[in-house]
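Below, each chain spelled out in residue letters.
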Amino acid sequence: MIDKIIAFNKEFVANKGYERFLTSKYPDKKLAVLSCMDTRLTELLPAALGLKNGDAKIIKNAGGLVIAPFDSAMRSLIVAIYELGVEEIMVVAHSGCGACHMSYSHFHDMMLERGVTDQTLDTIRKCGVDLDTWLEGFKDTPESVKRTVSTITTHPLVPRDIVVRGFIIDSETGALEEIFP
């Protein structure tokens, strides 16, 4: 598949397919969106929010979560605020999310089947990584959105004038439901 993508890319560049995507690194709407990496949202999310290329910084991970105050999602939001001029943040979870009910125990046997050993997992734990927390999803989507919004709004590096709001988007229709604290 990667070879096919590389071949497509050569044609894309040769035909100047990139021209319609040209923009600056600064989000025109001074907006960052933290959302899930679910493939159903790849085009639906920006379309349902009325965003075009260059409008917003879109940060995606499994579940659209900030799982710790200094994880990579939070780092990206801090960079977006201070370096790129973001003034508002939308946390957008979605219906039918695979991260709902996700857990380390769910992945453990699959990891072993793919060649990861229990010894490797024990070594990771001894290095201070709590795999149960790190691979934990959530049980309640609205509560997960509230927790992520709270982590962002109470973060010591996030200025108090940054607007942070949480939503759940319907994975089929794109309808937004605001989740209030």
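Refer to the structure presented above.
Residues numbered from 1 in each chain as written. Predicted model: local features only at pLDDT ≥ 70, side-chain atom pairs only at ≥ 80, totals over all residues. Heavy atoms only, no water.

Engineer: What exactly am I supposed to notice about a nonpolar patch on the surface here?
Structural biologist: The grouping of Val13, Tyr18 and Leu22 at the surface amounts to a nonpolar patch, some 280 Å² of accessible area in total. With respect to the helices and strands, the residue Tyr18 is situated in the loop between helix 1 (2–14) and strand 1 (31–36). Given a relative accessible area of 31%, Tyr18 falls into the partly exposed group. (Patch = residues over 30% accessible without salt bridge, like charges linked within 9 Å, V, L, I, M, F, W, Y side chains within 5 Å. Areas by Shrake-Rupley, 256 points an atom, 1.4 Å probe, with all protein chains shown as cover. Salt bridge = Lys/Arg side-chain N within 4 Å of Asp/Glu carboxyl O. Helix = DSSP H or I, 4+ residues; strand = E, 2+ residues; numbered from the N terminus. Buried < 20%, exposed > 50% of the residue type's maximum accessible area, 1.4 Å probe, protein only.)

Engineer: What is the right way to look at the side chain of Thr148 in this model?
Structural biologist: Structurally, the position occupied by Thr148 is in helix 7 (residues 141–153). Looking at Thr148, its side chain comes within polar contact range of the main-chain nitrogen of Val66, at 3.5 Å. Ignoring any residue separated from it by four or fewer positions in sequence, one finds Thr148 in contact with Leu34, Gly64, Leu65, Val66 and Val91. (Polar contact = N/O pair within 3.5 Å; in protein donor to acceptor, adjacent residues only side chain to side chain. Contact = heavy atoms within 4.5 Å.)

Engineer: I would appreciate a short explanation of the environment of Asp28 in the present structure.
Structural biologist: Within the secondary structure, Asp28 is located in the loop between helix 1 and strand 1. Separated by 29 residues in the primary sequence, Asp28 and Lys57 place their C-alpha atoms 9.4 Å from one another. Setting aside its immediate chain neighbours within four residues, Asp28 contacts Thr23, Lys52, Gly54 and Asp55.

Engineer: Even after reading the chapter, I still don't get the packing of aromatic side chains, so can you show me in this structure?
Structural biologist: Two aromatic rings are characterised by how far apart their centres lie and by the angle between their planes. Tallying each qualifying case throughout the model produces 2 aromatic pairs. Between Phe12 and Phe21, the ring centres sit 6.4 Å apart and the planes meet at 35°, which makes this aromatic pair tilted. Through a chain of ring-to-ring contacts, three or more aromatic side chains come together here, namely Phe8, Phe12 and Phe21. (Phe/Tyr/Trp six-rings, centres within 6.5 Å; stacked < 30°, edge-to-face > 60°.)

Engineer: What exactly am I supposed to notice about the pairing of strand 5 (residues 176–179) here?
Structural biologist: On a regular strand, each side chain points to the face opposite its neighbour's, so the side chains alternate between the two faces of the sheet. Sheet topology note: the strand 4 (residues 163–169)/strand 5 ladder contains 4 bridges and is antiparallel. Opposite Ile168, over in strand 5, you have Glu177 as the bridge partner. In sequence, strand 4 turns back onto strand 5 through a hairpin of 6 residues, with Gly174 there showing a positive phi of about 85°. (Pairing = 2+ DSSP bridges.)

Engineer: Help me understand the sheet that holds strand 1, please; the structure alone is not making it clear to me.
Structural biologist: Adjacent strands of a sheet pair through backbone hydrogen bonds, lying either parallel or antiparallel. On the basis of which strands lie adjacent, the open sheet formed by 5 strands has the order 2-1-3-4-5 and mixed pairing. Of all the strands in the sheet, the pair left with one neighbour each is strand 2 (56–61) and strand 5. Here the average twist between neighbouring strands, direction ignored, is 25°. Bridge count between strand 1 and strand 3 (residues 88–94): 5 bridges; the pairing is parallel. Pairing of Leu31 across the sheet is with Glu88, part of strand 3. Seen against the sheet, helix 2 (residues 41–49) touches strand 1, strand 2, strand 3, strand 4 and strand 5 and runs at an angle of roughly 140° to strand 1. (Axes fitted to C-alpha atoms, helices over the stretch in contact; angles between N-to-C directions.)

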